[in-house]
Amino acid sequence: MATTPLSNLPTDESDRLRSVRAYDILPALTEPVFEEFVALTARIFSLPISLISVVEEDEVYYPANLGMPGNDQQPRVEALCSTAISLARAVVYHDLALEQYSDIPSEALHAAENNQLRFYAGALLRLPDQRPLGTLCIIDRAPRTFTSDEQHILDLLAALVSRTIAVRHLCRMQPETGDVQWKRLSAELQEEVQAFNALVRYLFARHGTQVPIPGAFLTQVESRIRDLQSLLDAYRP
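Every value quoted in this text rests on a predicted model; they were computed, and no experiment measured them.

Quick notes on the rules
- Residues numbered from 1 in each chain as written.
- Predicted model: local features only at pLDDT ≥ 70, side-chain atom pairs only at ≥ 80, totals over all residues.
- Heavy atoms only, no water.
- Helix = DSSP H or I, 4+ residues; strand = E, 2+ residues; numbered from the N terminus.
- Contact = heavy atoms within 4.5 Å.
- Phe/Tyr/Trp six-rings, centres within 6.5 Å; stacked < 30°, edge-to-face > 60°.
- Buried < 20%, exposed > 50% of the residue type's maximum accessible area, 1.4 Å probe, protein only.
- Polar contact = N/O pair within 3.5 Å; in protein donor to acceptor, adjacent residues only side chain to side chain.
- Expected span 1.5 Å × (residues − 1).
- UniProt positions renumbered as here; feature names shortened; annotations may be inferred.
- Salt bridge = Lys/Arg side-chain N within 4 Å of Asp/Glu carboxyl O.

Looking now at the side chain of Asn197. Within the secondary structure, Asn197 sits in helix H7 (residues 178-207). With sequence-adjacent residues up to four places away left out, Asn197 is seen in contact with Ala39, Leu40 and Arg43.

What follows is the structure, encoded as structure tokens:
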């Protein structure tokens, strides 16, 4: 197992790892609602790959994965998702083959080249205590532009996933009623995300796919994200 160099670790890494393990995050993210989130994210940006990553000590895990079957985990030093943790911010790489990115370890660049990955954008996912756990990311095997408005939508989607993780945790803290509440809320959320996905398909069918995504489309997407956020915020244990 490759050990992650100290230079690639955030200053609060030991506290971050304790939080990742305390919240038992990997089992949570294998639930169907998170697969719905990555499917929605890929659909919004018309990209073939979307992942939820969990950055552990020396490995990165992909519990929700659309477009890279069999890619369940990889060494942290080879994972583009680990750069967002190291930098403590969202990252965007428009063309991994042609542009120079000093913040990406050489092992990660080689892994991206071997997998023929050209575009990567990842927004931080946060635990209920606000420590970063990994990313919600989108990937393409062709270079792509990515505007600040598109990044804003990816950030909102990541915040929505993070809020879902937090609400699930709150439900699980209620031993008598929490499981029932979470099952009901998770099912409702899945239905809403599926309906959102259908709306995005309809909009693309009617107006066509454009890169960058037009502002009017992103405005409608943001409105639906806010609706889902309100659904989660209404939960009270």
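This paragraph deals with the packing of aromatic side chains. Counted by the stated rule, this structure contains six aromatic pairs. On the numbers, 5.6 Å between centres and 55° between planes, the contact of Phe119 with Phe146 is tilted. Remark: Phe146 occurs in the loop between strand S6 (132-140) and helix H6 (148-172) and Phe119 occurs in strand S5 (residues 119-126); sequence separation between them is 27 residues. Judged by relative accessible area, Phe119 falls into the buried class, the value being 0%. Connected via pairs of aromatic rings, a cluster forms that spans Phe45, Phe119 and Phe146.

Next up on the list: the side chain of Arg16. Along the polypeptide, Arg16 turns up in helix H1 (residues 13-22). Residue Arg16 is classed as buried on the basis of its relative accessible area of 0%. Of the polar contacts made by the side chain of Arg16, one reaches the backbone oxygen of Pro132; its length is 3.2 Å. Not counting residues up to four positions away in its chain, the partners in contact with Arg16 are Val55, Glu56, Arg76, Ile85, Leu127, Arg131, Pro132 and Leu133.

Among the structural elements, Thr145 can be located in the loop between S6 and H6. Considering only alpha carbons, one finds Thr145 and Gln210, 65 residues apart in sequence, at a separation of 11 Å. Ignoring any residue separated from it by four or fewer positions in sequence, one finds Thr145 in contact with His94, Glu150, Val211 and Pro212.

Okay, helix H3 (residues 32-45) next. Here H3 is 14 residues long and its end C-alpha atoms lie 21 Å apart, about the 20 Å a rise of 1.5 Å per residue gives. Taking burial as the measure, the 14 residues of H3 include ten buried ones, the bulk of the element. Those residues of H3 not exposed but buried are Val33, Phe34, Glu36, Phe37, Val38, Leu40, Thr41, Ala42, Ile44 and Phe45. Ser46 occupies a position one or two residues after H3 and carries a positive phi of about 55°.

Attention now goes to the UniProt feature "domain: GAF" (unreviewed entry) in the protein chain. UniProt tags residues 29-175 as "domain: GAF" (unreviewed entry). Helix makes up 38% of residues 29-175 and strand makes up 26%, while its end C-alpha atoms are separated by 20 Å.

This part is about the environment of Asp129. Within the element layout of this structure, Asp129 appears in the loop between S5 and S6. For Asp129 and Glu35, which are 94 residues apart along the polypeptide, the C-alpha to C-alpha distance reads 23 Å. Other than its neighbours up to four places away in sequence, Asp129 contacts Ser19 and Tyr23. Here Ser19 takes part through its side chain, which lies 2.5 Å from a polar atom of the side chain of Asp129. Within polar-contact distance, the side chain of Asp129 engages the backbone nitrogen of Arg131 at 3.0 Å.

What follows concerns the pattern of salt bridges. A full pass over the atoms with the stated rule returns 18 salt bridges. For Glu57, the salt bridge goes to Arg21, with nearest N and O atoms at 3.6 Å. Remark: Arg21 occurs in helix H1 and Glu57 occurs in the loop between strand S1 (49-55) and strand S2 (59-66); sequence separation between them is 36 residues. Look at Glu57 and you get partly exposed, because its relative accessible area is 44%. By relative accessible area, which is 44% here, Arg21 ends up partly exposed.

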